[in-house]
Amino acid sequence: MSPPSDPAAAPAALTHFDAHGQAHMVDVSAKAATHRIAVAEGSIRMLPATLELIAQGNAKKGDVIGIARIAAIQAAKRTAELIPLCHPLPLTRVAAEFDIDATQPRIVCRVTAETLGPTGVEMEALTAVQIGLLTVYDMCKAVDRSMVIDGVRLIEKHGGKSGSFRADVAESSGRAG
């Protein structure tokens with residue numbers, strides 16, 4: 001495969017590797033602290049009867065959505081402990097929303113994470129979605145081990161030197177991010 005002829009279309013360098021190919025934490029000391037926002041989402045598909053248990057609040061372990069929301073928020077706050085090269089960030093806001101979609105049947109989790117800092121909060125939003133959905137799985141696995149988590153992705157981000165990103169714009173333009 002030949003390299004792209006348009007230099008602007010060339011993939012960006014991986015930032016978590018130094019000139020010798022060794023993994024390192026990116027130095028953000030020279031970056032301005034700005035308001036940064038990231039929104040991520042994903043879903044967990046399940047049997048209709050499982051979704052009904054969750055919707056009615058009759059799951060054996062209690063309020064599945066409420067516990068998953070707290071787990072998602074907690075995960076965002078602990079992302080730097082879970083992902084080795086992430087910077088610990090002073091989060092200013094984490095909101096986790098869970099929507100029941102009986103037509104699929106599934107639960108969609110969408111997390112918005114915000115900070116005032118020198119680096120983005122994409123990893124915090126993505127981690128929160130995954131842990132929120134895993135919590136749903138954990139609380140309902142006794143009745144449905146066939147649940148599937150999928151579609152976890154960054155929906156949008158704002159702030160910082162690279163500007164804004166929206167998944168629908170990137171998908172329609174062929175950009176990966």
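Report follows, based on the coordinates. Note that the structure is predicted; figures quoted are calculated from it, not measured.

**Side note on unusual backbone geometry**
P105 follows Q104 through a cis peptide bond whose omega is -25°. If you trace the backbone, P105 turns up in the loop between β2 (91–101) and β3 (106–117).

**Describing the pattern of salt bridges**
Side chains that differ in sign of charge can pair as their charged atoms come close. This structure, assessed with the given rule, holds seven salt bridges. Of the charged contacts, one joins E41 and R110 as a salt bridge, the two residues approaching to 2.8 Å between their closest N and O atoms. Taken together, the residues E41 in strand β1 (residues 34–45) and R110 in strand β3 connect sequence positions 69 residues apart. The class for R110 is partly exposed, based on a relative accessible area of 31%. For R45, the salt bridge goes to D150, with nearest N and O atoms at 2.9 Å. Taken together, the positions of R45 in strand β1 and D150 in strand β4 (residues 148–158) put the pair 105 residues apart, joining distant regions of the chain. R45 gets classed as partly exposed once you look at its relative accessible area, which sits at 35%.

**Concerning the nonpolar core**
Ranked by internal contacts, the top residues of the largest apolar core, which has 33 residues, are M46, I54, F98, I107, V111 and V136. Elements supplying a minimum of two residues to this core: β1, α1 (48–56), α2 (64–77), β2, β3 and α4 (122–140). It is α4 that provides the largest number of residues to this core, a total of eight residues. Look past the residues within four positions of F98 in its chain and what remains in contact with it is I65, A68, R69, I107, V108, C109, G132 and V136.

**Some thoughts on the packing of α2 against α4**
The contact between α2 and α4 brings their axes to 7 Å, and the two run at 145°. Handedness of the α2/α4 crossing: right-handed. Of the residues in α4, those in contact with V64, I67, A68, A71, A72, A75 and A76 of α2 are E124, T127, A128, I131, G132, T135, V136, M139 and C140. Looking at the contact of α2 with α4 residue by residue, the classes come out as twelve nonpolar, three polar and one charged.

What counts and how
Along each chain, residues carry numbers from 1 onward, in the same order as the chain's sequence is written. Note on the predicted model: pLDDT of at least 70 is required for a residue's local features to be given, and 80 or more for side-chain atom pairs to be given and counted; whole-chain, interface and lining totals, by contrast, use all residues. In computing side-chain values, all of the structure's heavy atoms are included and hydrogens and water are not. Where helices and strands are cited, they refer to DSSP runs of H or I of at least four residues and of E of at least two residues respectively, numbered from the N terminus. By salt bridge we mean one thing: a side-chain nitrogen of Lys or Arg within 4 Å of a carboxyl oxygen of Asp or Glu. Working definition: with a 1.4 Å probe on protein chains only, accessible area under 20% of the residue-type maximum means buried, over 50% means exposed, and in between means partly exposed. The nonpolar core is taken to be a set of buried Ala, Val, Leu, Ile, Met, Phe, Trp, Tyr and Cys residues, with the residues joined through side-chain atoms within 4.5 Å. Working rule for contacts: check all heavy atoms of both residues, and any pair within 4.5 Å makes them a contact. Fitted lines through C-alpha atoms give the axes, limited to the stretch in contact for helices. The angle between two N-to-C directions lies from 0 to 180 degrees. Left-handed describes a crossing whose near helix is turned anticlockwise from the far helix by less than a right angle; the clockwise case is right-handed. Just so you know the grouping, Ala, Val, Leu, Ile, Met, Phe, Trp, Tyr, Cys and Pro go in nonpolar, Asp, Glu, Lys and Arg go in charged, and all remaining residues, Gly too, go in polar.

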